[in-house]
Amino acid sequence: MITNEDELKQRVQGWIVLISTLILIGKFTAYWLTNSVGVLTDAMESIVNVAAGAIGLYSLRWSAKPKDKGHPFGHGKMEQVSASIEGILITFAGGLIVYEGICHLFSPATIQKLDVGIYIVAVSGLLNYLMGWYSVRIGKKYNSMALIAGGKHLQSDTYSTIGLVAGLLVLYFTKIAWIDSLLAFLFGGIIIFTGISILRKTIANLLDKADEALLAELAEVLNQHRMPAWIDIHNTKVIKYGNCLYMDCDLTLPWFYTIEEGHREAAYLKQILEDKYPHRILLTVHLDPCNIFEHSRCDVCACKECKDRKAKLREREKITLHTFVESGSEKEG
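Treat the numbers as computed from the prediction; the structure is a model and nothing was measured.

Engineer: How should I be thinking about unusual backbone geometry in this particular structure?
Structural biologist: In most cases, non-glycine residues show a negative phi, while peptide bonds are predominantly trans. With a phi close to 55°, N235 is a non-glycine residue in the positive phi region. Summarising the element assignment, N235 is placed in strand β1 (residues 232–241). Since its relative accessible area comes to 21%, N235 is described here as partly exposed.

In structure tokens form, the structure reads like this:
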């Protein structure tokens, strides 16, 4: 079932595709008027914006599909695939721009109506920045990799546009032809770097690389609402599928707790995280009795009900990133 959140993300992406298409038309008009390879770099970047935006829109619609028998974790990974394709397209466009710069260096073209081209490129850059800022803002709010990647791409396009406008102004006043090719080399390189950066992040997410910032945030939330019987929480793993989080962890409780009491503590832990991440988290909790560990945990246990305490409470062990993810064998070591 598509939620209001999914509809908002798709609506934002739809507007991005529409406005990017209008910007594309404007930039190629500027290139047709000026015959500047520098302006061409911006125009080719806009082709990538439109293509990536369309792919992003499709991925958001796909990832919004509910989980089914064939996809028990849902379709959220499609956003990562979309962002990876966008990174490849950006890198390819950067390579084409550098190639065009080399060609124009040896066969300079006659530049004309550069003032009009500068106006069009500048306005397009401003629109790109506003779209990028809004896309990143919504993407971070709803943890959408597709919107964040698309927004950062648009913002990087704006930063390169600022430099491009400055270079075109120098070209306009000096009439030095090779400056046009230099702009293509410089901003083609920036575009390639942006594409590779996006690819590195999306590949890491596709390989389920641990998100240390997210794990630290989860640990802090649990520290704030920690119950006395929670001796520690360890062996935590989190996998992200789109904006959904699938989390496993081990919760250490006093050895004498009944199944009913253990279930109550695990249910409260789940409720804390569901309140923090509504409709986004699915948690599986494994319960460990404190007496399975080789070394006593009594000196860090705040449970006042225990009648078998072997040591006084020294200091309660805070849940940190290190203790949160360490396994039971590491804890015993």
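Engineer: How do you make sense of the side chain of D250 when you look at a structure like this?
Structural biologist: By the element assignment, D250 lies in strand β2 (residues 244–253). Polar contacts involving the side chain of D250 include one to the side chain of N235, which spans 3.3 Å. If near-sequence neighbours (up to four positions away) are discounted, D250 is found in contact with D232, I233, H234, N235, H286 and D288.

Engineer: Looking at this structure, how should I read the pattern of salt bridges?
Structural biologist: Note on pairing: side chains with opposite charge can pair once their charged atoms come close. Counted by the stated rule, this structure contains one salt bridge. In this structure, E265 and R264 form a salt bridge, with 3.1 Å as the shortest nitrogen-oxygen distance. For R264, a relative accessible area of 45% puts it in the partly exposed group.

Engineer: Teacher, can you tell me more about the packing of helix α7 (residues 212–224) against helix α8 (residues 259–276) here?
Structural biologist: A packed helix pair is summarised by two numbers, namely the angle formed by the two axes and the spacing between the axes. Where α7 meets α8, the axes come as close as 10 Å, and the angle between the chain directions of the two elements is 120°. The pairing of α7 with α8 is recorded here as oblique in orientation. Note on packing geometry: the crossing formed by α7 with α8 is right-handed. Packed against α7, whose contacting residues are L218, V221 and L222, the element α8 presents L269, I272, L273 and K276 at the interface. Of the residues that constitute the contact of α7 with α8, the class distribution is six nonpolar, no polar and one charged.

Engineer: Mind showing me how you'd approach the packing of aromatic side chains here?
Structural biologist: All chains considered together, the criterion is met by three aromatic pairs. When the centroid spacing of 5.9 Å and the interplanar angle of 50° are considered together, the rings of W230 and Y268 count as tilted. With a gap of 38 residues between them, W230 in the loop between α7 and β1 and Y268 in helix α8 connect regions that are remote in the sequence. Classification of Y268 as partly exposed rests on a relative accessible area of 34%. With a centroid separation of 5.8 Å and an interplanar angle of 90°, the aromatic rings of W255 and F256 are classed as edge-to-face. Assessed through its relative accessible area of 28%, F256 is described here as partly exposed.

Engineer: How should a nonpolar patch on the surface be read in this particular structure?
Structural biologist: Where nonpolar side chains cluster on the molecular surface, the patch consists of V123, L126, L127, Y129, L130, W133, Y134, Y159 and I162 and spans about 910 Å² of accessible area. For the nonpolar patch, the elements supplying multiple residues, two or more each, are α4 (114–141) and α5 (145–174). With seven residues, α4 is the single largest residue contributor to the nonpolar patch. Structurally, the position occupied by Y134 is in helix α4. Overall, the relative accessible area of 34% leaves Y134 in the partly exposed class.

Engineer: Honestly, the side chain of S20 in this entry has me stumped. Any pointers?
Structural biologist: Tracing the chain through its elements places S20 in helix α1 (residues 4–34). We classify S20 as buried; its relative accessible area is 1%. Beyond its immediate sequence surroundings of up to four residues, S20 is in contact with N49, V50, M131 and L154.

What counts, and at which threshold
- Residues numbered from 1 in each chain as written.
- Predicted model: local features only at pLDDT ≥ 70, side-chain atom pairs only at ≥ 80, totals over all residues.
- Heavy atoms only, no water.
- Helix = DSSP H or I, 4+ residues; strand = E, 2+ residues; numbered from the N terminus.
- Buried < 20%, exposed > 50% of the residue type's maximum accessible area, 1.4 Å probe, protein only.
- Polar contact = N/O pair within 3.5 Å; in protein donor to acceptor, adjacent residues only side chain to side chain.
- Contact = heavy atoms within 4.5 Å.
- Salt bridge = Lys/Arg side-chain N within 4 Å of Asp/Glu carboxyl O.
- Axes fitted to C-alpha atoms, helices over the stretch in contact; angles between N-to-C directions.
- Parallel < 35°, antiparallel > 145°, perpendicular 65-115°, else oblique.
- Left-handed = near helix turned anticlockwise from the far one by under 90°.
- Nonpolar A, V, L, I, M, F, W, Y, C, P; charged D, E, K, R; others polar.
- Phe/Tyr/Trp six-rings, centres within 6.5 Å; stacked < 30°, edge-to-face > 60°.
- Patch = residues over 30% accessible without salt bridge, like charges linked within 9 Å, V, L, I, M, F, W, Y side chains within 5 Å.
- Areas by Shrake-Rupley, 256 points an atom, 1.4 Å probe, with all protein chains shown as cover.

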